[in-house]
Amino acid sequence: MGWDALALWGSGTTRLERLTGGVANDVWSVRINGQLAVGRLGKRNAADLAWEAALLQHLDRHGMAVPVPIPTSDGRLFADGLMLMTYMEGGPPDSAADWRRVGDTVRELHRLTANWPQRPGWRSSADLLTADRGTRIDLSAMPAEAVARCRAAWARLAGRPICAVHGNPNSPGNVRITANRVALIDWDEAHADVAELDLVLPHNGAGLAPAEHDVAAQAAAAWEAAICWRDDYAVQRLAFVRPL
């Protein structure tokens, strides 16, 4: 059905212009009931989208600024891979003070989602110490030496508490800041994992001590290398992971 599914939100719902976003989705600004919103069309299955929708609703109920799914006319939170969400005003962080606010927001996300269930089909960094595959990650496609380096980086965080992680809060494009709040957008990579994967922020916005920052940075680089393998960015991130 594709974008024809917009009719399920009402006959006056229209696409406006394409927005920049991740490679996995087609993202547009949308007008619904006279209000600006965001429409995201992708290939995630129903269980995956239900997990994301439940997480966003939970965070919204607890006062976090996140894009909230807008139901269809018959109450569904998504249809045929299409999800409409509230539009988040603001701009990207552009100072160390902004990134400290982002760090506080990310830590609140982790506090609110202790022991959050895993996204269907995903694996955490701890799971990947023994498993080879999980959604976009396929360690069997990587050189054995690269896998060993990634697993060594993740092993340093094994046993730490699990929560929901955003997956990419260090990208300025995934943050919308106003004077009154910090909003995280683009939850396509969110899953359950150790908090440290979210805490390697510009200007050390999460306030990690040097040793903790090093451990987290190695684990995060290993994750990015694995999930993007094998484009140029993945090769670059793997080069940051120290050899054994």
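Relevant structure appears above.
Heads up: these notes are all about the structure in this document. Here the structure is a predicted model, which is why all the values come from computation and not from measurement.

A word on unusual backbone geometry
In this structure, Arg230 follows Trp229 across a cis peptide bond, with omega equal to 10 degrees. Looking at the secondary structure, you find Arg230 in the loop between helix H4 (210-228) and helix H5 (232-240). Look at Asn33: it is not a glycine, yet its phi comes out positive at around 50 degrees. Locating Asn33 in the fold gives a position in the loop between strand E2 (26-32) and strand E3 (35-41). The phi angle at Asn204 is positive, at roughly 50 degrees, despite the residue not being glycine. Within the element layout of this structure, Asn204 appears in the loop between strand E10 (191-194) and H4.

Considering the packing of aromatic side chains
Geometry of an aromatic ring pair is reported as the spacing of the ring centres plus the angle between the planes. Counted according to the given criterion, the structure contains two aromatic pairs. Ring centres of Trp3 and Trp28 lie 6.4 Å apart, and the angle between their planes is 65 degrees; this geometry places the pair in the edge-to-face category. With Trp3 in the segment before strand E1 (14-18) and Trp28 in strand E2, this pair connects stretches of sequence that are 25 residues apart. By relative accessible area, which is 12% here, Trp3 ends up buried. The buried category is assigned to Trp28, whose relative accessible area is 16%. Here Trp154 and Trp223 contribute two aromatic rings whose centre-to-centre distance is 6.1 Å and whose plane-to-plane angle is 65 degrees, an arrangement assigned as edge-to-face. Here Trp223 lies in helix H4 and Trp154 lies in helix H3 (residues 144-155), a separation of 69 residues in the sequence. Judged on exposure class, the residue Trp154 and its partner Trp223 are both buried. Cation over ring: Arg15 sits above Trp28, and NZ or CZ is 4.4 Å from the ring centre.

Criteria and cut-off values
- Residues numbered from 1 in each chain as written.
- Predicted model: local features only at pLDDT ≥ 70, side-chain atom pairs only at ≥ 80, totals over all residues.
- Heavy atoms only, no water.
- Helix = DSSP H or I, 4+ residues; strand = E, 2+ residues; numbered from the N terminus.
- Phe/Tyr/Trp six-rings, centres within 6.5 Å; stacked < 30°, edge-to-face > 60°.
- Buried < 20%, exposed > 50% of the residue type's maximum accessible area, 1.4 Å probe, protein only.
- Lys NZ or Arg CZ within 6 Å of the ring centre and 35° of its normal.

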